[in-house]
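What follows is each chain in one-letter form.
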Amino acid sequence: MPLTLWSHSVGFFAKPFIMKVFLFCLVIFMTLPSATPKTERFIDQVPVRSSGRLVIITLDGVRWQEVFRGADPSLLGDVEYTADTSSMNLLYGGESGDERRKRLMPFLWSVISRKGQLYGNRDLRSRMNVSNIYSFSYPGYHEMFTGNTDLAISSNKKKHNPHKNVLEYLNGKKDFSGKVAAFTSWDVFPYILGQKRNGLLVNSGYDNMEENGSATFAAVNQVQSDVINEHVGTRKDQLTFITAKEYMAKNNPSVVLMGLGESDEYAHSGHYDNYLESISKADQMIAELWNWIQSTPGYKNNTSLLVTTDHGRGSKHDQWTSHGFFIKGSSQTWMALMGPGVDPVGECRNGKQLYQQQLASLMANLVGEEFGDGSLLTKK
């Protein structure tokens, strides 16, 4: 048999064989228990102490590249992703990454970077990743709030999460009972946080709030019911923000999750301009909320702020819209911290590796509690 014909024959028979081997290995892998990365405890990595209250803000699918480098010049100039390249360059462009990131997220870089801590700038050898293999939302949030990964949680479907999370754990503590609440744009969070099982207050998607005499809740409910005709899976972040802030003002909760989701929606649709605007608006909301916190008795100088994301996105020019197991960059995340117990070290550049699953323990520790394995606090 001629060499060329032989090689083609081998290739023909080898491909099905390789595919069978791959599928066999995948099945075996999926049946194995989820492995936890071997990492140092946060006690050796994150210099923080506890405060009385905690606000957690998640920005769905926001890449570390935009957080630490600002808008990507190549995407800003690509009309496929940015309709009005001239205007967007005036808003978010700049000669350097430092200039661009300050334009995109001024509060993060004028306040949090000076008074708090930032992790995940890979240009400074600060790395943070998800531990789950999927690198999309439900597995990411599951990991973030339970402190573990589960191979069975492999989609974004509305399935009830059987695992205990740090928010329900805190809500079950005497000092926090009835003082933990979540407000999220994405309507899958009630399932992620096990609301059916634990009764946690989760206002999600276009769910209305009980008004209880609140003109703000009444207005938001009316907008959601009468003004917005198409109720998709992710509501407008501004409505989530207004609802969360009003609830804090009226009910004085100790632990609040605010999950914003428009960034991921715009990214998937390929609108880089809208993606950037959603990040900029999120930064403005965080600034407004922090100013309110620092002017409100009980919260002032007694509240920690944690800002992070659930997964990364593709790092290549033509893959930034997507994320997942086969897309490089999808597992790369980041985190920002600020509060009375957070040492102002700014951007961390120590080259150590952090994982998303460590955040559940950190959240508990920031309010003086223990959840999961090990303590994440610096003992002082």
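Use the structure listed above.
The rules behind each value
Residues numbered from 1 in each chain as written. Predicted model: local features only at pLDDT ≥ 70, side-chain atom pairs only at ≥ 80, totals over all residues. Heavy atoms only, no water. Buried < 20%, exposed > 50% of the residue type's maximum accessible area, 1.4 Å probe, protein only. Helix = DSSP H or I, 4+ residues; strand = E, 2+ residues; numbered from the N terminus. Arc of directions from axis to C-beta. Contact = heavy atoms within 4.5 Å. Phe/Tyr/Trp six-rings, centres within 6.5 Å; stacked < 30°, edge-to-face > 60°. Pairing = 2+ DSSP bridges. Axes fitted to C-alpha atoms, helices over the stretch in contact; angles between N-to-C directions. Parallel < 35°, antiparallel > 145°, perpendicular 65-115°, else oblique. Nonpolar A, V, L, I, M, F, W, Y, C, P; charged D, E, K, R; others polar. Salt bridge = Lys/Arg side-chain N within 4 Å of Asp/Glu carboxyl O. Core = buried A, V, L, I, M, F, W, Y, C linked by side-chain atoms within 4.5 Å.

Quick look at helix α5 (residues 97-104)
One turn of an α-helix holds 3.6 residues; hence residues three or four places apart share an orientation. Buried within α5 we find Arg100, Arg101 and Leu104. Around the axis of α5, the buried residues are gathered within 95° of arc, so they sit on the same side. Buried-residue contacts for α5 involve α2 (64-69), α3 (73-76), α4 (85-92), α6 (106-115), α14 (272-293) and β9 (346-347).

Topic: the packing of aromatic side chains
All told, the structure shown has 13 aromatic pairs when counted by the stated rule. When the ring of Tyr81 is compared with that of Trp320, the centres are 5.5 Å apart and the planes differ by 85°; the resulting orientation is edge-to-face. Remark: Trp320 occurs in the loop between β7 (303-308) and β8 (335-338) and Tyr81 occurs in the loop between α3 and α4; sequence separation between them is 239 residues. Taken individually, Tyr81 and Trp320 each receive the classification buried, so the pair is uniform in this respect.

Focus: unusual backbone geometry
With the exception of glycine, most residues fall at negative phi, and the peptide bonds are largely trans. The residue Ser135 is not glycine, and still its phi comes out positive at about 60°. In this structure, Ser135 sits in the loop between β3 (127-129) and α7 (137-146). When its relative accessible area of 4% is taken as the criterion, Ser135 is described as buried. Positive phi, normally seen in glycine, also occurs at Asn252, with a value near 60°.

Quick notes on the environment of Ala336
In this fold, Ala336 is placed in strand β8. Sequence-wise, Ala336 and Ser113 are 223 residues apart; in three dimensions their C-alpha atoms are separated by 8.2 Å. Contacts of Ala336, omitting those with residues within four sequence positions, involve Leu108, Ile112, Gln117, Leu118, Leu305, Leu306 and Val307.

A word on the sheet that holds strand β6 (residues 255-260)
The strands making up a sheet are joined through hydrogen bonds of the backbone, oriented either antiparallel or parallel. Pairing in this open sheet of eight strands is mixed, and the strands run β5-β4-β6-β1-β7-β8-β2-β9 from one edge to the other. With one partner strand each, in any of the chains shown, β5 (201-204) and β9 form the two edges of the open sheet. Pairing of β7 with β8, which is carried by four bridges, proceeds in the antiparallel orientation. Bridging from a neighbouring strand, Val307 pairs with Ala336 of β8.

Some thoughts on the packing of α4 against α5
Two elements in contact, α4 and α5, have axes separated by 8 Å at closest approach and are oriented at 95°. Taken as axis vectors, α4 and α5 run roughly perpendicular relative to one another. Contacts between α4 and α5 involve Asn89, Leu90, Leu91 and Tyr92 from the first element and Arg100, Arg103 and Leu104 from the second. Looking at the contact of α4 with α5, its residues break down into four nonpolar, one polar and two charged.

Examining the pattern of salt bridges
Tallied over the full model, the rule gives 13 salt bridges. Between Arg103 and Glu99 there is a salt bridge, with the nearest N and O atoms lying 3.3 Å from each other. Taken together, the residues span about one helical turn, with Arg103 and Glu99 both in helix α5 at a distance of four residues. Take Glu99: its relative accessible area is 30%, and that puts it in the partly exposed class.

Topic: the nonpolar core
Counting 52 residues, the largest nonpolar core has Ile57, Leu59, Tyr272, Leu276, Leu289 and Leu305 as its most contacted members. It is α14 that contributes the most residues to this core, twelve residues altogether. In this view, Leu276 contacts Glu66, Ala71, Leu76, Met88, Tyr92 and Leu104; residues no more than four positions away in its chain are not counted. In this structure, Leu54, Phe176, Val188 and Leu193 belong to the second largest nonpolar core, which totals 39 residues.

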